[in-house]
Amino acid sequence: MKIMTCPVNGARPVSEFTYWGELSEMPDPATATDDTWADYVFCRNGAAGIKKEWWCHTPSNTWFIAERDTAKDRVIRTYLNGEEA
Amino acid sequence: MPWRLVRFAMSKKHPEPRMFTQHDTLRRSYDVVIIGAGGHGLASAYYLAREHGITNVAVLEKGYIGGGNTGRNTTIIRSNYLTPEGVQFYDASVKLWQDLAQDFDLNLFYSTRGHYTLAHTDSAMRTMRWRAEVNKHYGVDSEVVGPSDIQHAAPMMDLSCGGVAPILGALYHAPGSVARHDAVAWGYGRGADQRGVEIHQQTEVLGIDVVGGKVKGVKTSRGYISTNKVLCAVAGSTPRMTDMVGLRTPIYIHPLQAMVSEPLKAWLDPILVSGSLHVYISQSARGELVMGASLDPYELHSTRSTLDFVEGLSAHMLEMFPFLSQVKVMRQWAGMADMTPDFAPVMGKTPVEGFYLDSGWGTWGFKATPICGKTMSHTVVNDTNHPLITGFTLDRFRQFSLTGEKGAASVGH
Amino acid sequence: MRLAEHAGEWIDRTKTLDFSYEGTRYRGFAGDTITSALWASEVSVLGRSFKYHRPRGVLSLANHDVNVMLQDGARINVRADVTELIADANWHSVNTFGGVAGDRARWIGKLAPFLPVGFYYKAFYSKRWFPRWERMFRNMTGLGQVALDAPHIRTPKRYGFCDVLVIGAGPSGLSAALTAAERGADVVIVDENARSGGSGTYQLGGDNARFHTVRALDEKVRAHPRIRVQTSTLAAAYYADHWVPLVDATRITKMRAKAIVVASGAFEQPAVFRNNDLPGVMLASAAQRLAYRYSVSPGERVVVLTANADGYRAALDMLARGIVVTAVVELRASHRFGELAHELEARGVEVMTSSCVVEAVPNKAGDRLAAVRIGALPPVGTAAVSTSTREIKCDTLLMSVGWAPAANLLYQAGTSMRYDKTVEQFVPDRLPEGVFACGRVNGVFSFDSKLQDGRRAGELAAIHSGHAASAATFGEYAVIVPAEPESPSHAWPIVAHAAGKNFVDFDEDLQLKDFANAVQEGFDNIELLKRFSTNGMGPSQGKH
């Protein structure tokens, strides 16, 4: 099992986690155009690379960010939101 | 009788020519450049040449013919989809499949076995009835059947699935078939090659020239090609290509794994799929059990395999067929599935003039190989989306007008 | 025939086990595998090949081929070479039509000219007749027959943890394990064989010193408090983050290691010549395993075909076990181990250089080797000249022409390999973090070098798993292992023949010309060649 490190609970098998996709900045729904909103809802940064992603450690409901190389399957680091430093 | 084989016995030298011409030089320009020599790309080249007389075509392939998802899928062909757009599209494909071996003069082992999508819950039964109605409306042979019909087709199956998830019924689709996936790429490839299309393997696309919103050319590892029409059919590599032309798409890449058992004497005739257990199985002409399950749960651009996959799939297989516990798994592998939010493909024209996309094939692309080639070649030639693919435009997301096939594509929901 | 007792034999002559094969009763000893017991009972034909239904016998005796694949009810597709005897089992060879002896499908061999590579793509696709043809193909393919009432056996699983996992308990693996443990690492060492010691227990060259060195090393490993030894345990695959499922007879242990040492050795390669699949033609290491592990004679009159020092040592092993060896046929013109050749000549064995086996000649019944035709080794690409050959009578031919690294776990881990012409094999070029390789899988073949290479890998693995005790002693293992004096593998041990039946893939019955023909048709990329010809796609895939 691939290992993912929860910032609170440490290294756990990846089956204990839910992947929730790449972080993306939400535009202001009140002022965004329809096209901007559609792009935010549907479009992705699809190519491989090092990405910041939301993950949740399901048994403990710990939401955190993982910086992961999506080509090499390598987790570079994980941290709670706001604790990037 | 296979009289053709007599020729081999009679001749001193092997009497077969090359299926794919080796081209030592890449021309400076082509009327159409197709990126990706998988089933879809080669089928498009084939119909461009055969139906439209367009032969000044280059198919560029980074690796070897059919080395992508065409050579990695679990070979199921069916048209029992959920939406009107989907049903008509895949039905047109099945009709082309049925004559394909004759078109190619190549045995594709196209074997019509019957396909059962098993329902283990009331809501699943509801979806099966919905699909059956839509299918019948468009003349596709599907119907809802009960447990006794399923048991009759697969007498050895445990319909209670180990007591865990009893089967309530199934969507039975008589035209459901399997075929030899590699041979489809070879057949389309040879057919295109014979009509003058150039297939260039070991040729990587490094960039696509877009000037003033129009395609002007393609930079490759073997030189530059001028062209006004590029058809991109690269499945798991799609985002890298769309980035080259500055296009935003909803496509995301997850691995899709599969496995085969060692060869066994024939015992399983139909193709069986379970949405609740997230598994499917068929038996190839070689006797191997070809099995698959749901998509890997996170983005990854790799064809690596996992233990959880083979473990989970085996466990569910044993629920349906408890007598298989001493059969060995021979091999496991993966492909990179280009997924979309509505489990329908992304096909046709794009905002970049001359750049045509055949993508978003996720876990449902092999069965569409022929109809893809037909519709994309039409689209490229006429610069207008073929009527059958108007439900699959890239634009539909901007319009919030999705073609929802999640209930009928894939097994992992 | 059973040989005299050997100190390291794996059989227990005080316990016999009765079983039957193809309806005839046989007796073997505890510790025998099904194949060794049958071979000891003079049964040569142990199966029929997949396509042509040719008689087959022992080839690797290591589960690197499926010549001997048996079934007894629910026990399906059993690899007899490596499966211990089960009392009162009732075995049959798979995929025969009327039993091994009278297999009705053997006439397919006569149809061979009509069945070129990929023949099934070129015909059989008429819409009307395909269903009929498909039924025929489905009947002819497939090996074991699934027993629909076979019980649902639930295999328990457990988790395991260690600092260093060593895969392969041969000379280099044992060295690696001991070094890592001495550094303070918690070590698990596994081997798929029933006993540890690997090639150190059978590639002896008639010299017991090597045997005792490995045995002593093995005893030290077993005595070490930080080493867990698990034999009859297969490291089934490498998965992300050093996750390796260890499969034994009763359970799967999902092992998480901090570092992995792959000491899996090498797969011996068959020579390619006409009728190289006859019962009696086997890999030299198979003969050595038969002679030392099971005290079974490979045959009565042995000839050795070789292109490396291993072949000479195999000949000496046969002599040491009392088996008659009449000749050594050496592909090369010259080599560095002249003393081995001299020793054989002094004992009455004829040694021929620049020679090859042009053809293996069957007995009248066509089910056992009776003689080999020897000729000059032809230039690469040309067929052997069968007119100027010499016939040597023998019932057993040992092939010792080369090795391929058993690098599967390294590939799965993402290792990139490079071809090393000095040993004519692929060797690891860039290993992933935490993965180490030693011994023959790393291109190291000389006995002392293997031990040294194992120490090097064990040292590095221990350091990687956090046991860098002292930098001073590390220097001892930073020495580069000396280069091999000569290549243990021949670049092209292949002899073309107009009449064919020179097999490259024994599982799939693929002959030399099938490859040339596939390439001619445009399948000239190794991946396309594999998919079109099915080379390497049989049940022993990954073991060549």
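Computed from a predicted structure; not experimentally measured.

What follows deals with the overall build of chain A. Counting its regular elements, chain A contains 1 helix and 6 strands. Along chain A, from the amino end to the carboxyl end, the secondary structure elements read β-β-β-α-β-β-β. Relative to its full complement of 85 residues, chain A shows a buried share of 36%. Considering only contacts in chain A between residues 6 or more positions apart, those separated by 24 or more positions represent 41%. If you sum the accessible surface of chain A, you get close to 4,800 Å²; carbon and sulfur atoms cover 51% of it. Put simply, chain A has 9 plus and 13 minus side-chain charges, and the middle of one group is 11 Å from the middle of the other.

For the rest of this paragraph, the subject is the overall build of chain C. Of regular secondary structure, chain C possesses 12 helices and 28 strands. Dimensions of chain C, computed from C-alpha atoms along their principal axes, come out at roughly 70 × 60 × 55 Å. Residues classed as buried in chain C amount to 62% of the 544 residues present. Long-range contacts, defined here as pairs at least 24 residues apart, represent 66% of the contacts in chain C between residues at least 6 apart. A total of about 20,700 Å² of accessible surface is found on chain C, and carbon and sulfur atoms cover 53% of it. Placing the 61 positive and 57 negative side-chain charges of chain C at their respective mean positions leaves the two points 5 Å apart.

A few words now on the confidence of the model for chain C. The predicted model of chain C has a mean per-residue pLDDT of 95, with 97% of residues at 70 or higher. We note a pTM of 0.96 for the whole complex and an ipTM of 0.96 for its interfaces.

Taken together, the contact pairs 62 residues of chain C with 66 residues of chain B. Together, the buried faces of chain C and chain B total about 5,700 Å²; carbon and sulfur atoms form 55% of this surface. For the interface between chain C and chain B, the tally reads 10 salt bridges. With its nearest N and O atoms 2.9 Å apart, the salt bridge here joins E508 of chain C to R286 of chain B. Taken together, the connections running from chain C to chain B amount to 46 residue pairs in polar contact (both at pLDDT 80 or more). For the side of chain C that touches chain B, the secondary structure elements donating two or more residues are β6 (75–79), α2 (130–140), β12 (243–247), α11 (512–520) and α12 (526–533) of chain C. Here the side of chain C that touches chain B gets 7 residues from one element, more than from any other, and that element is α2 of chain C.

As used here, a disulfide is simply a covalent bond connecting the sulfur atoms of two cysteines. With the rule as written, the count across this model stands at 0 disulfides over all chains. Here C43 of chain A is not disulfide-linked; the sulfur of C232 of chain B is the nearest cysteine sulfur, at 16 Å. Left without a disulfide partner, C162 of chain C is nearest to the cysteine sulfur of C438 of chain C, which lies 15 Å away. By relative accessible area, which is 5% here, C162 of chain C ends up buried.

Facing 4 residues of chain C, the contacting portion of chain A comprises 4 residues. Interface of chain C and chain A: buried area, both sides summed, is about 370 Å²; carbon and sulfur atoms make up 42% of it. Together, A240, D241 and R256 of chain C form the three largest contributors to the area buried by chain C at its contact with chain A, with a combined 83%. Connecting chain C to chain A are 1 salt bridge. Here K2 of chain A ties to D241 of chain C by a salt bridge, and the two come within 3.3 Å at their closest N and O atoms. Summed over the shared surface of chain C and chain A, the result is 3 residue pairs in polar contact (both at pLDDT 80 or more). Partitioned by chemical class, the residues of the side of chain C that touches chain A number 2 nonpolar, no polar and 2 charged.

Attention now goes to the sheet that holds strand β19 (residues 355–362) of chain C. All names here are of chain C. Read across the sheet, 3 strands follow the order β19-β20-β21 without closing on themselves; strand pairing throughout is antiparallel. Either end of the sheet is taken by a strand with one partner, and the two such strands are β19 and β21 (390–393). On average, each strand axis in the sheet is tilted by 30° relative to the strand beside it, whichever way the strands run. In this structure, strand β20 (residues 369–376) lies alongside β21, joined through 4 bridges in antiparallel fashion.

By the definition in use, this model includes 63 salt bridges over all chains. For R180 of chain B, the salt bridge goes to D182 of chain B, with nearest N and O atoms at 3.1 Å. We note a salt bridge from E288 of chain B to R286 of chain B, for which the minimum N-O separation is 3.2 Å. E288 of chain B gets classed as buried once you look at its relative accessible area, which sits at 7%. Sharing partners across several salt bridges, the network here consists of R4, R7 and E16 of chain B together with K122 and E521 of chain C.

Let us look at the packing of helix α3 (residues 171–182) of chain C against helix α4 (residues 208–223) of chain C. Residues and elements named next belong to chain C. In contact at an axis separation of 10 Å, α3 and α4 are set at 35° when each is read in the N-to-C sense. As α3 packs across α4, the resulting crossing turns out to be left-handed. Every residue of α4 that contacts α3 at P171, L174, S175 and L178 is listed here: V214, L217, D218, K220 and V221. The residue makeup of the contact of α3 with α4, split by class, is 6 nonpolar, 1 polar and 2 charged.

A word on helix α3 (residues 84–104) of chain B. Between its first and last C-alpha, α3 of chain B extends 30 Å over 21 residues, near the 30 Å set by a 1.5 Å rise per residue. At Q98 of chain B, α3 of chain B is deflected by roughly 40°, the largest bend along its length.

Among the secondary structure elements, E508 of chain C is positioned in the loop between β27 (503–505) and β28 (510–511). On the basis of relative accessibility, which here comes to 5%, the residue E508 of chain C falls in the buried class. Of the polar contacts made by the side chain of E508 of chain C, one reaches the side chain of R286 of chain B; its length is 2.9 Å.

Let us look at the packing of aromatic side chains. If you walk through the whole model with that rule in mind, you get 47 aromatic pairs over all chains. For the pair W267 of chain B and F321 of chain B, a centre-to-centre distance of 5.3 Å together with 75° between the ring planes defines the contact as edge-to-face. Taken together, the residues span a long stretch of sequence, with W267 of chain B in the loop between β14 (252–261) and β15 (271–274) and F321 of chain B in the loop between α8 (307–320) and β18 (329–339) at a distance of 54 residues. Of the two residues, W267 of chain B and F321 of chain B, neither departs from the other in class, the shared state being buried. Residues Y121 of chain C and F532 of chain C carry aromatic rings whose centres are separated by 5.8 Å and whose planes lie at 15° to one another, so their mutual orientation is stacked. Here Y121 of chain C, found in the loop between β7 (90–93) and α2, pairs with F532 of chain C, found in helix α12; they are 411 residues apart in sequence, far enough to count as distant. Each member of the pair Y121 of chain C and F532 of chain C is classed as buried. The rings of F20, F109 and W186 of chain B together with F119, Y120, Y121, F124, F130, W133, F137, F523 and F532 of chain C are connected pair by pair, giving a single aromatic cluster. Geometry around Y252 of chain B places R44 of chain A over its ring, the cationic atom sitting 4.4 Å from the centre. Across the ring face of W403 of chain C, the terminal group of R440 of chain C is positioned such that the distance to the ring centre comes to 4.6 Å.

All right, on to the side chain of K501 of chain C then. Residues and elements named next belong to chain C. The topology assignment puts K501 in the loop between α10 (471–477) and β27. Within the buried core, K501 has no salt-bridge partner, and the shortest N-O distance to an opposite charge, that of D514, equals 8.7 Å. When neighbours within four sequence positions are excluded, K501 is seen to be in contact with Y52, R54, G109, A112, F273, R274, N275, N276 and Q511.

A separate point is the domain arrangement of chain C. Residues and elements named next belong to chain C. Here chain C is partitioned into domain 1 (12–141), domain 2 (157–267 + 404–469) and domain 3 (271–401 + 491–506). Taken together, the contact between domain 2 and domain 3 spans 9 residues of the former and 11 residues of the latter. Both sides of the domain 2 and domain 3 interface together cover about 930 Å² of buried area, and 51% of this is carbon and sulfur. When the area that domain 2 buries against domain 3 is broken down by residue, the three leading residues are Y202, Q203 and G205, summing to 54%. Where domain 2 touches domain 3, the interface holds 6 residue pairs in polar contact (both at pLDDT 80 or more).

Here R18 of chain B shows up in the loop between α1 (4–10) and β1 (32–35). As for R18 of chain B and D193 of chain B, which are separated by 175 residues in sequence, their C-alpha atoms are 10.0 Å apart. Excluding its chain neighbours within four sequence positions, the residues that come into contact with R18 of chain B are V519, Q520, E521, G522 and D524 of chain C. Separated by 2.9 Å, the side chain of R18 of chain B and the backbone oxygen of F20 of chain B make a polar contact. Here D524 of chain C takes part through its side chain, which lies 2.9 Å from a polar atom of the side chain of R18 of chain B.

Rules used throughout
Residues numbered from 1 in each chain as written. Chains lettered and ligands numbered in written order. Predicted model: local features only at pLDDT ≥ 70, side-chain atom pairs only at ≥ 80, totals over all residues. Heavy atoms only, no water. Helix = DSSP H or I, 4+ residues; strand = E, 2+ residues; numbered from the N terminus. Buried < 20%, exposed > 50% of the residue type's maximum accessible area, 1.4 Å probe, protein only. Contact = heavy atoms within 4.5 Å. Areas by Shrake-Rupley, 256 points an atom, 1.4 Å probe, with all protein chains shown as cover. Lys, Arg positive; Asp, Glu negative; His and termini not counted. Charge placed at Lys NZ, Arg CZ, Asp CG, Glu CD. pLDDT = per-residue confidence, 0-100. Buried area = accessible area lost by both parts, 1.4 Å probe. Salt bridge = Lys/Arg side-chain N within 4 Å of Asp/Glu carboxyl O. Polar contact = N/O pair within 3.5 Å; in protein donor to acceptor, adjacent residues only side chain to side chain. Disulfide = S-S within 2.5 Å. Nonpolar A, V, L, I, M, F, W, Y, C, P; charged D, E, K, R; others polar. Pairing = 2+ DSSP bridges. Axes fitted to C-alpha atoms, helices over the stretch in contact; angles between N-to-C directions. Left-handed = near helix turned anticlockwise from the far one by under 90°. Expected span 1.5 Å × (residues − 1). Bend = angle between axes of the 7 residues up to and from the residue. Phe/Tyr/Trp six-rings, centres within 6.5 Å; stacked < 30°, edge-to-face > 60°. Lys NZ or Arg CZ within 6 Å of the ring centre and 35° of its normal. Domains from an automatic or database assignment.

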